[in-house]
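Descriptive analysis of the structure
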Amino acid sequence: DAMVIQNPRYQVTQFGKPVTLSCSQTLNHNVMYWYQQKSSQAPKLLFHYYDKDFNNEADTPDNFQSRRPNTSFCFLDIRSPGLGDAAMYLCATSGRTGGSGANVLTFGAGSRLTVL
Amino acid sequence: AQSVTQLDSQVPVFEEAPVELRCNYSSSVSVYLFWYVQYPNQGLQLLLKYLSGSTLVKGINGFEAEFNKSQTSFHLRKPSVHISDTAEYFCAVTRTFGNEKLTFGTGTRLTIIP
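To keep things clear, this report deals only with the structure shown in the data block.

1. Examining unusual backbone geometry
Looking along the chain, the bond that leaves Asn7(A) and enters Pro8(A) is cis, with omega of -10 degrees. As for its placement among the helices and strands, Pro8(A) is situated in the loop between strand 1 (4-7) and strand 2 (10-13). Even without glycine at this site, Asn41(B) takes up a positive phi of about 55 degrees. Relative to the assigned elements, Asn41(B) resides in the loop between strand 5 (31-38) and strand 6 (44-50). We classify Asn41(B) as partly exposed; its relative accessible area is 34%. Its identity is not glycine, yet Thr72(B) carries a phi of approximately 45 degrees, on the positive side. With respect to the helices and strands, the residue Thr72(B) is situated in the loop between strand 8 (64-68) and strand 9 (73-78). Take Thr72(B): its relative accessible area is 29%, and that puts it in the partly exposed class.

2. Topic: the side chain of Ser22(A)
Relative to the helices and strands, Ser22(A) resides in strand 3 (residues 19-25). With residues up to four places along the chain from it excluded, the contact list for Ser22(A) reads Ile5(A), Gln6(A), Asn7(A), Trp34(A), Cys74(A) and Phe75(A).

3. Thoughts on the environment of Thr60(A)
All names here are of chain A. Looking at the element boundaries, Thr-60 is found in the loop between strand 6 (53-56) and strand 7 (64-70). In this structure Thr-60 comes out as buried when scored by relative accessible area, which is 5%. For the pair Thr-60 and Pro-81, spaced 21 residues apart in sequence, the C-alpha separation works out to 14 Å. Contact partners of Thr-60, with chain neighbours within four places excluded, come to Leu-45, Leu-46 and Phe-47. Here the side chain of Thr-60 touches Leu-46 through a polar contact of 2.6 Å, landing on its backbone oxygen.

4. Looking at the packing of aromatic side chains
Using the criterion set out here, one finds 15 aromatic pairs over all chains in the structure. Of the aromatic side chains, those joined through ring pairs into one cluster are Tyr33(A), Tyr35(A), Phe107(A), Phe34(B), Tyr36(B), Phe90(B) and Phe104(B).

5. Topic: the nonpolar core
Residues and elements named next belong to chain B. Counting 27 residues, the largest nonpolar core has Trp-35, Leu-48, Phe-74, Leu-76 and Tyr-89 as its most contacted members. Mapped onto this core, the elements with two or more residues apiece are strand 2 (10-14), strand 3 (19-21), strand 5, strand 6, strand 8, strand 9, strand 10 (87-95) and strand 12 (108-113). Leu-48 has contacts with Leu-33, Phe-34, Trp-35, Val-57, Lys-58, Gly-59, Phe-63, Glu-64, Ala-65, Phe-74 and Leu-76, leaving out every residue within four places of it along the chain.

6. Considerations on the pairing of strand 4 (residues 31-37) of chain A
All names here are of chain A. Among the 7 residues in strand 4, 7 count as buried, and that is most of the element. A two-sided burial pattern is seen for strand 4, the buried positions comprising Val-31, Tyr-33, Tyr-35 and Gln-37 on one face and Met-32, Trp-34 and Gln-36 on the other. Sheet topology places strand 4 next to strand 5 (residues 44-50); 6 bridges connect them, and they run antiparallel. By the bridge assignment for strand 5, Gln-36 is matched with Lys-44. Counted along the chain from strand 4 to the antiparallel partner strand 5, the turn is 6 residues long, and its residue Ser-40 has a positive phi close to 60 degrees.

7. Some thoughts on the pattern of salt bridges
Residues and elements named next belong to chain B. With the rule as written, the count across this model stands at 10 salt bridges over all chains. Ionic pairing is found between Arg-77 and Glu-20, a salt bridge with its closest N-O pair at 4.0 Å. Remark: Glu-20 occurs in strand 3 and Arg-77 occurs in strand 9; sequence separation between them is 57 residues. Given the relative accessible area of 37%, Glu-20 is considered partly exposed. Of the charged contacts, one joins Glu-66 and Arg-77 as a salt bridge, the two residues approaching to 3.3 Å between their closest N and O atoms. Here Glu-66 is found in strand 8, whereas its partner Arg-77 is found in strand 9, with 11 residues between them in sequence. Assessed through its relative accessible area of 34%, Glu-66 is described here as partly exposed. Within the structure, one salt-bridge network assembled from shared partners comprises Glu-20, Lys-58, Glu-64, Glu-66 and Arg-77.

What counts, and where the lines are drawn
- Residues numbered from 1 in each chain as written.
- Chains lettered and ligands numbered in written order.
- Predicted model: local features only at pLDDT ≥ 70, side-chain atom pairs only at ≥ 80, totals over all residues.
- Heavy atoms only, no water.
- Helix = DSSP H or I, 4+ residues; strand = E, 2+ residues; numbered from the N terminus.
- Buried < 20%, exposed > 50% of the residue type's maximum accessible area, 1.4 Å probe, protein only.
- Contact = heavy atoms within 4.5 Å.
- Polar contact = N/O pair within 3.5 Å; in protein donor to acceptor, adjacent residues only side chain to side chain.
- Phe/Tyr/Trp six-rings, centres within 6.5 Å; stacked < 30°, edge-to-face > 60°.
- Core = buried A, V, L, I, M, F, W, Y, C linked by side-chain atoms within 4.5 Å.
- Pairing = 2+ DSSP bridges.
- Salt bridge = Lys/Arg side-chain N within 4 Å of Asp/Glu carboxyl O.

Here it is, written out as structure tokens:
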């Protein structure tokens, strides 16, 4: 089945130790998103790629970076995780090509980050 | 900008009873509306969406929602809930043109009581 796969599902890191989360998709969608979801809160958009065009949200800290080497893969890098970065990180994709039509997102199962 | 309000943060319901989860939105332009479900330690799964046409939308797992433009609401309903419906439910909105980022509500935790 076409899907969005996130690895690892659970990541434990130490304060300040860099971490990379990965996302792969078999849907051939051109848009990929990274959301941060803290406990009992709504998902918060960090950034998204429209093809290779990177779009950063204004309030996303510089500590968060992303790479998209090809259509299928996208990475979230947290350069120096703090305790406040502990959260579920959700990757999502959509097949939007611009213009009319609904932006329906397909989510991965998430990567839960714990910072010690 | 669009916004979504889910007034109920937690809703406990007895098994086999009906449930309604409320969602109101605010937007100056036309919108698409969505309900997503999130089971514990999982990503979000699309339950249903309203794009156009009939205001009553049917989704997966027996859920349905009704778009009410005059009341700017998109409430989610199920006539008879099951234990497996225990999850977090998020209402979301996006405008129909331009920058179509999805805006989520704060979620409603549905707990089914046996």
